[in-house]
Amino acid sequence: MAIRLKKSYRFAFRTALFISVILTLLFWLVMRFYNLNNWVLLVILTSSSFLISFFIVQQRIERFIYRRIKRIYDDVSLLESSSLTSRTITTDMSTLTAEIEKFAQDKKIEIDTLRIREEYRKDFLGNVSHELKTPLFTVQGYLETLLDGAIDDKNVRKKYLQRANKAVDRLIYIVKDLDLITKLEAGDMNLTWEEFDIIELIKNVFELLEMKAVKQKISLTFDMDYVEPIFVRGDREKIRQVISNLLVNSIKYGYENGTTEVSVENLIQNKVIVRVTDNGEGIPEQHIPRLFERFYRVDKSGNRKEGGSGLGLAIVKHIIEAHEERIYVESVVGVGSEFSFTLEKA
Ligand SMILES: Nc1ncnc2c1ncn2[C@@H]1O[C@H](COP(=O)(O)OP(=O)(O)O)[C@@H](O)[C@H]1O
Ligand SMILES: [Mg+2]
């Protein structure tokens, strides 16, 4: 690696000055001792002692110190060729120290970032395996029971197979969510922008979730009759996912005979706000700030309601943020929750 060393003469200059002053003093004392009074000789002796010591000191510095500094530069540059070599290198100690300190600081930041990412990754893997374990063990349990003889029992065999099938459904559901969130977090969410009628889309999702809602005795409605279409701009399929996730939650965490109401209102000139309001169990205030984190759940115990993946709201947030829109949540325990997000009008 070609490194240009900028020379510094200050140290040699000062040292030579120091030496020559002392030597001059010495010469002068000696001359006085022998009663010589030759000022020309003294000047010659002084200047030559200065020059000789200057060159010797400078030589030694270049030989040893400069070489070592250069090696430090080389070593450090080996690690990160871009951060140091691009600039002029100096042998001035304070600059070098400052540069090394800056280098160490940068490295520390880099290491910290990597450490955080590593923790995040471990966390993610831990959560994934935890989420997959439960349904997998369920499937395994039923299959083993069937193999152990339950298969001959006409009364239970269908029931067990159905339960195993349900657990497989849940596995697939979790894997799909994982797949989606991984894509979203990798940042390669390509939005397909189009203009569409949000009312029609919501009706669509209502129909898809009707069975689920009827089973939980929850009715899905609009707050009023929307006769006119309301056109918005966004990625239709992704917004469908958002509405679906919010509605599924309102069904899952709603009370029996409850209602989920959706409204679409004008917000400001070019925005609409879509609200999904339920009168379900609500969310304790201390959980609200973390609600959109992936795998975050209010009820962490095993006996929670028919489980999701804990990814639903994380996915919702990612999609809304990719649209550069906002999502809000308000909730009161025992009264209900309202999730709302903005969209651009077409
Ligand atoms: N409408 C709602 N009413 C009450 N709690 C909710 C509602 N929506 C979400 N939550 C809470 O937020 C948590 C995270 O939701 P989500 O990310 O969709 O995960 P999941 O539904 O898979 O548990 C849920 O576990 C639930 O505790
Ligand atoms: Mg959910």
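Definitions and cut-offs
- Position numbers for residues count from 1 along each chain, tracking the sequence in the order it is written.
- Chains carry letters and ligands carry numbers; both start at the beginning, A for chains and 1 for ligands, and go up in the order they are written.
- Local features in a predicted model are, by the rule used here, given only for residues with pLDDT of at least 70; side-chain atom pairs are given and counted only at 80 or more, and totals for whole chains, interfaces and linings are based on all residues.
- Side-chain numbers here rest on the full set of heavy atoms in the structure, without hydrogens or water.
- Under the scheme used here, helices are H or I runs from DSSP no shorter than 4 residues and strands are E runs no shorter than 2 residues, and both carry numbers assigned from the N terminus.
- The criterion used for residue contact is that any of the two residues' heavy atoms lie within 4.5 Å.
- To qualify as a nonpolar core, a set must consist of buried Ala, Val, Leu, Ile, Met, Phe, Trp, Tyr and Cys residues joined through side-chain atoms within 4.5 Å.
- The classification of residues rests on relative accessible area computed with a 1.4 Å probe and restricted to protein chains. Under 20% of the type maximum is buried, over 50% is exposed, and intermediate values are partly exposed.
- Throughout, the edges of the domains are those of an automatic or database domain assignment.
- We call a residue near a molecule or strand whenever a single non-hydrogen atom of that residue lies within 4 Å of it.
- Distance and chemistry together define a polar contact, namely a pair of N or O atoms within 3.5 Å, with one atom able to donate a hydrogen and the other to accept it when in protein, and with adjacent residues in sequence counting only for side-chain atoms on both sides.
- The accessible surface values rely on the Shrake-Rupley method and a 1.4 Å probe; as for residues, cover is taken only from the protein chains in view.
- Under the grouping applied here, Gly and all other residues not named as nonpolar or charged are polar, the nonpolar ones being Ala, Val, Leu, Ile, Met, Phe, Trp, Tyr, Cys and Pro and the charged ones Asp, Glu, Lys and Arg.
- Any two rings among Phe, Tyr and Trp, with Trp reduced to its six-membered ring, count as a pair given centres within 6.5 Å; such a pair is stacked if its planes are under 30 degrees apart, edge-to-face if over 60, and tilted if neither.
- Here, over-ring charges are defined by two tests on the NZ atom of lysine or the CZ atom of arginine: distance to the ring centre within 6 Å, and angle to the ring normal within 35 degrees.
- A carboxyl oxygen of Asp or Glu within 4 Å of a side-chain nitrogen of Lys or Arg is what we treat as a salt bridge.
- Interaxial angle, 0 to 180 degrees, is taken between N-to-C directions of lines fitted to C-alpha atoms, where a helix line uses only the stretch in contact.
- Each crossing gets its hand from how the near helix is turned against the far one by less than a right angle, where anticlockwise is left-handed and clockwise is right-handed.
- For a helix, the expected span equals 1.5 Å multiplied by the residue count minus one.
- By the definition adopted for this analysis, an angle is roughly parallel if under 35 degrees, roughly antiparallel if over 145, roughly perpendicular if from 65 to 115, and oblique otherwise.
- DSSP-based pairing: two strands are paired if at least 2 bridges between them are found.

Colleague: Teacher, can you tell me more about the side chain of Lys238 here?
Modeller: With respect to the element layout, Lys238 can be found in helix α7 (residues 236-252). If we ignore the near neighbours within four places in the chain, the residues touching Lys238 are Met189, Asn190, Leu191, Ile319 and His323.

Colleague: Can you help me understand the nonpolar core in this one?
Modeller: Ranked by internal contacts, the top residues of the largest apolar core, which has 52 residues, are Ile198, Ile202, Ile243, Leu247, Val264 and Phe341. Considering every element that reaches this core, the biggest residue donor is helix α6 (residues 198-215), with eight residues. Looking at which domains feed residues into this core, each of domain 2 (126-186) and domain 3 (193-345) supplies at least three. Grouped together as the second largest cluster of nonpolar side chains are seven residues, Ala12, Ala16, Ile61 and Tyr66 included.

Colleague: Help me understand the site of ligand 1, please; the structure alone is not making it clear to me.
Modeller: By nearness alone, 19 residues border ligand 1, and Asn249, Tyr253, Asp278, Gly310 and Leu313 come closest of all. One of the backbone N or O atoms of Val298 is found 3.4 Å from an oxygen atom in ligand 1. Side-chain polar atom of Ser337 to a nitrogen atom of ligand 1: 3.3 Å apart, as the coordinates give it. If ligand 1 stood free it would expose 530 Å²; the protein chains cover 97% of that surface. Among the elements that line the shell around ligand 1, the one with the most residues is α7, at three residues. For the shell around ligand 1, the per-class residue count stands at eight nonpolar, eight polar and three charged.

Colleague: Can you help me understand the packing of aromatic side chains in this one?
Modeller: Any aromatic ring pair is given by two values, namely how distant the centres are and how the planes are angled relative to each other. Counted by the stated rule, this structure contains ten aromatic pairs. Consider the rings of Phe292 and Phe339, whose centres lie 6.4 Å apart with planes at 80°: the pair is edge-to-face. Residue Phe292 is found in the loop between β7 (271-278) and α8 (312-322), and its partner Phe339 is found in strand β9 (residues 336-345); the two are separated by 47 residues along the sequence. What links up through ring pairs into an aromatic cluster is the set Tyr9, Phe13, Phe50, Phe54 and Phe55. The lysine or arginine in question, Arg294, covers the ring of Tyr120, its NZ or CZ lying 4.4 Å from the ring centre.

Colleague: Explain the pattern of salt bridges to me, please; I cannot follow it from the model alone.
Modeller: Note on pairing: side chains with opposite charge can pair once their charged atoms come close. The tally for this structure, following the rule as stated, stands at 18 salt bridges. The residue Asp112 makes a salt bridge to Lys108 at a minimum N-O spacing of 3.3 Å. In this pair, Asp112 and Lys108 both sit in helix α4 (residues 93-147), four residues apart, roughly one turn of the helix. A relative accessible area of 29% places Asp112 in the partly exposed class. For Arg275, the salt bridge goes to Glu338, with nearest N and O atoms at 3.3 Å. Residue Arg275 is found in strand β7, and its partner Glu338 is found in strand β9; the two are separated by 63 residues along the sequence. Taking the relative accessible area as the measure of exposure, Arg275 reaches 22% and is therefore partly exposed. Here the residues in one salt-bridge network are Lys108, Asp112 and Arg115, joined through shared partners.

Colleague: Explain the packing of α7 against α8 to me, please; I cannot follow it from the model alone.
Modeller: Packed helix pairs are specified by the crossing angle of their axes together with the interaxial distance, meaning the distance between the axes. Interhelical geometry of α7 versus α8 gives an angle of 145° and a closest axis separation of 9 Å. Crossing of α7 over α8 shows left-handed handedness. Facing Lys238, Gln241, Val242, Asn245, Leu246 and Asn249 of α7, the residues of α8 in contact are Gly312, Leu313, Ile315, Val316, Ile319 and Ile320. For the contact of α7 with α8, the residue count by class is seven nonpolar, four polar and one charged.

Colleague: Explain helix α1 (residues 10-33) here, please?
Modeller: Because an α-helix packs 3.6 residues into every turn, residues spaced three or four apart end up facing the same way. With 24 residues, α1 extends 35 Å from end C-alpha to end C-alpha; this agrees with the ideal 34 Å at 1.5 Å per step. Every buried residue belonging to α1 is among Ala12, Ala16, Ser20, Thr24 and Met31, and all of these are buried. Trailing α1 by a residue or two, Asn35 shows a phi angle of about 60°, which is positive.

Colleague: Looking at this structure, how should I read the packing of α6 against α7?
Modeller: In the contact formed by α6 and α7, the axes pass within 10 Å of each other and the chain directions differ by 40°. Judged by the angle between their axes, α6 and α7 are oblique. Handedness of the α6/α7 crossing: right-handed. Residues Ile198, Glu200, Leu201, Ile202, Asn204, Val205, Phe206, Leu209, Lys212 and Ala213 of α6 form the contact with α7, whose participating residues are Arg236, Ile239, Arg240, Ile243, Ser244, Leu247, Val248 and Ile251. Tallied by class, residues from the contact of α6 with α7 come to twelve nonpolar, two polar and four charged.

Colleague: Please clarify how the pairing of strand β4 (residues 219-222) should be interpreted in this entry.
Modeller: Consecutive residues of a regular strand have side chains that alternate between opposite faces of the sheet. The side-chain alternation of β4 yields one buried face, formed by Leu220 and Phe222, and one unburied face, formed by Ser219 and Thr221. In the sheet, β4 pairs with strand β6 (residues 259-266) via four bridges, with the strands oriented parallel. In the sheet register, Leu220 faces β6, and the bridge partner there is Thr260.

As far as function goes, none of this settles anything; it's purely spatial.
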